[in-house]
Amino acid sequence: MLNIQDIRKDFPILSREVNGKPLVYFDNAATSQTPQQVIDAITSYYSGYNANIHRGVHTLSQEATDLYEQSRQKIQAHFNAKFSHEIILTSGATDSINLVANGFSSLLKKGDEIIVSALEHHSNIVPWQMLCERTGSVLKVIPMNADGELVMDEFDNLLSKNTKLVFVNHISNALGTINPIEYIIEKAHAVGAAVLIDGAQACPHVKPDVQALDVDFYVASAHKMCGPTGVGMLYGKEAWLNKLPPYQGGGEMIAEVTFEKTTYADLPHKFEAGTPNIAGGIVFGTAIDYMNAIGFDNIAVYEHELLEYATEKLTAIEGLKIYGTSKHKTSVISFNLDHIHPYDVGTILDKLGIAVRTGHHCAQPIMDFYRIPGTVRASFAFYNTKQEIDALVEGVKKAKMMLS
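The shown structure was predicted, so the numbers you read here are calculated from the model rather than taken from an experiment.

1. Focus: the domain arrangement of the protein
In step 1: Along its sequence, the protein is carved into domain 1 (4-30 + 295-403) and domain 2 (39-293).
In step 2: Inter-centroid distance (C-alpha atoms) of domain 1 to domain 2 is 28 Å.
In step 3: Contacts between domain 1 and domain 2 engage 35 residues on the former and 35 residues on the latter.
In step 4: Taken together, both faces of the contact between domain 1 and domain 2 bury some 2,600 Å²; the carbon and sulfur share is 58%.
In step 5: Broken down residue by residue, the surface that domain 1 buries against domain 2 is led by Phe296, Cys362 and Ile366, which jointly contribute 25%.
In step 6: Run the count over domain 1 and domain 2 and you get zero salt bridges.
In step 7: Between domain 1 and domain 2 we count 22 residue pairs in polar contact (both at pLDDT 80 or more) in total.
In step 8: In terms of residue count, helix 13 (residues 364-370) provides more of the side of domain 1 that touches domain 2 than any other element does, six residues in total.
In step 9: By residue class, the composition of the side of domain 1 that touches domain 2 is 19 nonpolar, 11 polar and five charged.

Below you can see the structure in the form of C-alpha cells.
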C-alpha cells in the first residue's frame, strides 16, 4: 500500500502554485517529475565528482567513471540484460532508435520490408522512413481499430520472408494502449525478423524483462522515469550490437586511430562517442533505485485505480469522448469535448493550475485515423491523487461551460 502523501513530499515541484492555484500535474506521459533524491544526486555529482570519465588517471575521473558504470549495471539489472555492455547510454529513446536505424542502413537492401504500427510516436516512424529512403526498403504498417488496438490478424498477413525488422511501442503515448509485444516478438522471430520495442511510455509503469521477452532491441528515456532529461538507454542483444556499425565517430568509441585506418572499441563504447551526459547517466541509476524502492507492482495497482476513477468521472460529462478504450491500457486518458478544440480546453485548465497535454502528441497518424486535430491528454503517475482528478473533472466542466 503506497503512502501517497509521503511520496508527494519527495517531489518539490508538487508543492508550487500555477496561476494562484495548487499545481495539478497530469502531463506525466511527456515527462515525469523529479524527486529530491535524484535532484540531490545531480548536485552531488557536480559538487563532488565533476570530471570526464574513462580517460583520466586522476581520482575525480576514476570516481566519476565508477559511478557511471555502476549506473549502467543498475540499468542492466533493472531490465535483466544478460551483459552490462548490452546497455548503451544515449541521449534518450529517440537517439536510441536513430542509432539502430543508422546501423541497419548497411544491412538492408532494396525490397526488404520493415513493419511499424499505426500507434507509433513520430520517433518510431520517421527514422524508419529515412532508412527506407536510404536503402530502398519498404515500410508497412500494422493498422489499428476504433478502440485504439492493433489489428493482429493484419500483422500476421504483413509478415513474410522479406520482413527484416519490426518496430512497435510497448505502450502508446497518445492512447495508453498496451500492445501485445510478446506475440509480436514471437511472430517476427518466426520469419527471421529483428524486433525493436519503444519502451519510453512503458518503463514508468512496468518493469520489462528483456531476456524473458527475447527482444532484440529495447529503448527507454530517463525523464519518463523520474530521472533527468537528455539521457536514455538502448538495450541490444550482444550479437546484434556487434553486427551494427558505429552510429557516430569521435573520442571514446575507438580502439586505435591512424590516418590510414581506425579500429573501433568493444561494446558498449563503440556506440558512445564523445563526452556523454555524465551526471544524467549516473542519476538514471538513482531514479531507477527510487522507483524500485516504491515497487512497480505497487505503482501498477495504484495507477490502475486512478485510471478507473478518472475514466468513470470523465465519461459522466455529457459530450466528452475518450479515445483509446482498449481493455489493456495504462494511466493515460485522451479525450475531447464536442465541437471544442483541445487547445482551448488545455488553456482553461492551465488557468486553473492543471497541466495537461494538448495536440497530436507526436502521433499524428492516430489523430488522422480518428479524423480529429488532436486530444486533451491527462496522464497519471503514482504521485497523483483522486482529489487532483476531481479538480480536473471540475476544470473540464468549467471549460465546457465557457466554450460551448
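Once you've had a look at it, read on.
2. A word on the sheet that holds strand 13 (residues 320-323)
In step 1: Spatial ordering of the open sheet is given by 13-14-17-16, a layout of four strands whose pairing is antiparallel. Here the strands that pair on one side only, and so sit at the sheet edges, are strand 13 and strand 16 (357-359). Recorded for the sheet is a direction-independent mean angle of 30° between the axes of neighbouring strands.
In step 2: Pairing between strand 16 and strand 17 (residues 375-379): three bridges, direction antiparallel. Bridge pairing in strand 17 links Thr358 to Val376.
In step 3: Sitting on the sheet, helix 11 (residues 296-315) touches strand 13 and strand 14 (332-337), and the angle it makes with strand 14 is about 10°.

3. Considerations on the packing of aromatic side chains
In step 1: For the coordinates displayed, the defined rule picks out 14 aromatic pairs.
In step 2: On the basis of an interplanar angle of 80° and a centroid distance of 5.9 Å, the ring pair of Phe11 and Tyr290 is categorised as edge-to-face. Taken together, the residues span a long stretch of sequence, with Phe11 in the loop between helix 1 (4-8) and strand 1 (17-18) and Tyr290 in helix 10 (residues 278-294) at a distance of 279 residues.
In step 3: Judged by relative accessible area, Phe11 falls into the buried class, the value being 1%.
In step 4: Residues Phe217 and Trp240 carry aromatic rings whose centres are separated by 6.1 Å and whose planes lie at 45° to one another, so their mutual orientation is tilted. Here the residue Phe217 occupies a position in strand 9 (residues 217-221), and Trp240 occupies one in helix 9 (residues 238-243), the gap between them amounting to 23 residues. Like Trp240, Phe217 is buried.
In step 5: A connected cluster of aromatic rings, assembled from ring pairs, spans Phe11, Tyr290, Phe382 and Tyr383.
In step 6: Note that Lys243 overlies the ring of Trp240, its terminal NZ or CZ placed 4.5 Å from the centroid.
In step 7: For Lys321, the ring lying beneath its charged end belongs to Tyr323, and the centroid distance is 5.3 Å.

Conventions and cut-offs
Residues numbered from 1 in each chain as written. Predicted model: local features only at pLDDT ≥ 70, side-chain atom pairs only at ≥ 80, totals over all residues. Heavy atoms only, no water. Domains from an automatic or database assignment. Contact = heavy atoms within 4.5 Å. Buried area = accessible area lost by both parts, 1.4 Å probe. Salt bridge = Lys/Arg side-chain N within 4 Å of Asp/Glu carboxyl O. Polar contact = N/O pair within 3.5 Å; in protein donor to acceptor, adjacent residues only side chain to side chain. Helix = DSSP H or I, 4+ residues; strand = E, 2+ residues; numbered from the N terminus. Nonpolar A, V, L, I, M, F, W, Y, C, P; charged D, E, K, R; others polar. Pairing = 2+ DSSP bridges. Axes fitted to C-alpha atoms, helices over the stretch in contact; angles between N-to-C directions. Phe/Tyr/Trp six-rings, centres within 6.5 Å; stacked < 30°, edge-to-face > 60°. Buried < 20%, exposed > 50% of the residue type's maximum accessible area, 1.4 Å probe, protein only. Lys NZ or Arg CZ within 6 Å of the ring centre and 35° of its normal.

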